[in-house]
Amino acid sequence: DTGVSQDPRHKITKRGQNVTFRCDPISEHNRLYWYRQTLGQGPEFLTYFQNEAQLEKSRLLSDRFSAERPKGSFSTLEIQRTEQGDSAMYLCASSPGVDTDTQYFGPGTRLTVL
Amino acid sequence: AQSVTQLDSQVPVFEEAPVELRCNYSSSVSVYLFWYVQYPNQGLQLLLKYLSGSTLVKGINGFEAEFNKSQTSFHLRKPSVHISDTAEYFCAVNPNTGNQFYFGTGTSLTVIP
């Protein structure tokens, strides 16, 4: 399967703990995006990378959230000191460097903060 | 600023009946328009997109959408739905001056046998 993959698919954690999610984009896709989706809502943009550079970050993203894409391939999203309000589905998407209009989504990581 | 409104949160329809899922957007710049489908426990999958040219766009699984610039709408249609079309459908816009996608809140389509 050459689609976008995310790991883990599900994560349950206690409030105050740190969590890290991984996204592997489609190979040769230069752009990588993170979204958050809560129940009954559409995906909400968090941040995006062009290769290893983080070029845009939502104002909604608190300082507890950090994302990296160190070698321009896979990316990690870390949430520090999780809060119950962080419970959501975290989606990753990638798009080709040239045809950037279409994003291809992974299955998501569902985070539950107790 | 951009926004996307999906007017119907839930749409039940009988199998083999036609369906229309409505989407309106607002934007100060020109946009690309998309419909994505999300099946249970799966990622979002692109149904169709409008970039330019013909305002009637055909996508996968027999879906089509029509871009109406004057009404700032991009409604999704299918002439005859199947049970397998039961899913969540999201309309999205991408301002062609930026990289963010703005999604609507989704429409849950339930096909009744």
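Because the structure is predicted, anything quoted here is derived from the model rather than measured. (Residues numbered from 1 in each chain as written. Chains lettered and ligands numbered in written order. Predicted model: local features only at pLDDT ≥ 70, side-chain atom pairs only at ≥ 80, totals over all residues. Heavy atoms only, no water.)

Moving on, we get to the state of the cysteines. Residue and element names in this part refer to chain A. In total, this model carries 2 disulfides over all chains according to the counting rule given. Here Cys23 connects covalently by a disulfide to Cys92, the sulfurs 1.8 Å from one another. Disulfide Cys23 to Cys92: torsion about the S-S bond roughly -70°, handedness left-handed. Of the two residues, Cys23 is situated in strand β3 (residues 19–24) and Cys92 in strand β9 (residues 88–95); the sequence distance between them amounts to 69 residues. (Disulfide = S-S within 2.5 Å. Helix = DSSP H or I, 4+ residues; strand = E, 2+ residues; numbered from the N terminus.)

All names here are of chain A. Cis geometry marks the peptide bond from Asp7 to Pro8, where omega comes out at -5°. Within the fold, Pro8 resides in the loop between β1 (5–7) and β2 (10–13). Phi at Asn51 takes a positive value of approximately 55°, unusual for a residue other than glycine. One can find Asn51 in the loop between β5 (44–50) and β6 (53–57).

Glancing now at the packing of aromatic side chains. The full count for this structure, using the stated rule, is 17 aromatic pairs over all chains. Between Phe65 of chain A and Tyr90 of chain A, the aromatic rings sit 6.4 Å apart at their centres with planes inclined by 35°, giving tilted as the arrangement. Of this pair, Phe65 of chain A sits in strand β7 (residues 65–68) while Tyr90 of chain A sits in strand β9, and the two are 25 residues apart along the sequence. Ring centres of Phe105 of chain A and Tyr36 of chain B lie 5.4 Å apart, and the angle between their planes is 80°; this geometry places the pair in the edge-to-face category. Here Phe105 of chain A, found in strand β10 (residues 104–105), pairs with Tyr36 of chain B, found in strand β5 (residues 31–38), and the two come from separate chains. Across the pair, Tyr36 of chain B and Phe105 of chain A agree in class, each one buried. (Phe/Tyr/Trp six-rings, centres within 6.5 Å; stacked < 30°, edge-to-face > 60°. Buried < 20%, exposed > 50% of the residue type's maximum accessible area, 1.4 Å probe, protein only.)

With 21 residues of chain A at the contact, the number on the chain B side is 19 residues. Counting each side, the surface lost to burial between chain A and chain B is near 1500 Å², with a carbon and sulfur contribution of 50%. Taken together, the links from chain A to chain B amount to 0 salt bridges. The tally of links from chain A across to chain B stands at 4 residue pairs in polar contact (both at pLDDT 80 or more). Of all elements in the fold, only β4 (31–37) and β5 of chain A reach the threshold of two or more residues within the side of chain A that touches chain B. Per element, the largest residue contribution to the side of chain A that touches chain B is 4 residues, and it comes from β4 of chain A. By residue class, the composition of the side of chain A that touches chain B is 8 nonpolar, 8 polar and 5 charged. (Contact = heavy atoms within 4.5 Å. Buried area = accessible area lost by both parts, 1.4 Å probe. Salt bridge = Lys/Arg side-chain N within 4 Å of Asp/Glu carboxyl O. Polar contact = N/O pair within 3.5 Å; in protein donor to acceptor, adjacent residues only side chain to side chain. Nonpolar A, V, L, I, M, F, W, Y, C, P; charged D, E, K, R; others polar.)

What follows concerns the confidence of the model for chain B. Per-chain confidence: chain B averages 92 in pLDDT, with 98% of residues scoring 70 or above. Mean pLDDT values for the elements of chain B range from 91 in strand β11 (residues 102–103) of chain B up to 98 in strand β3 (residues 19–21) of chain B. (pLDDT = per-residue confidence, 0-100.)

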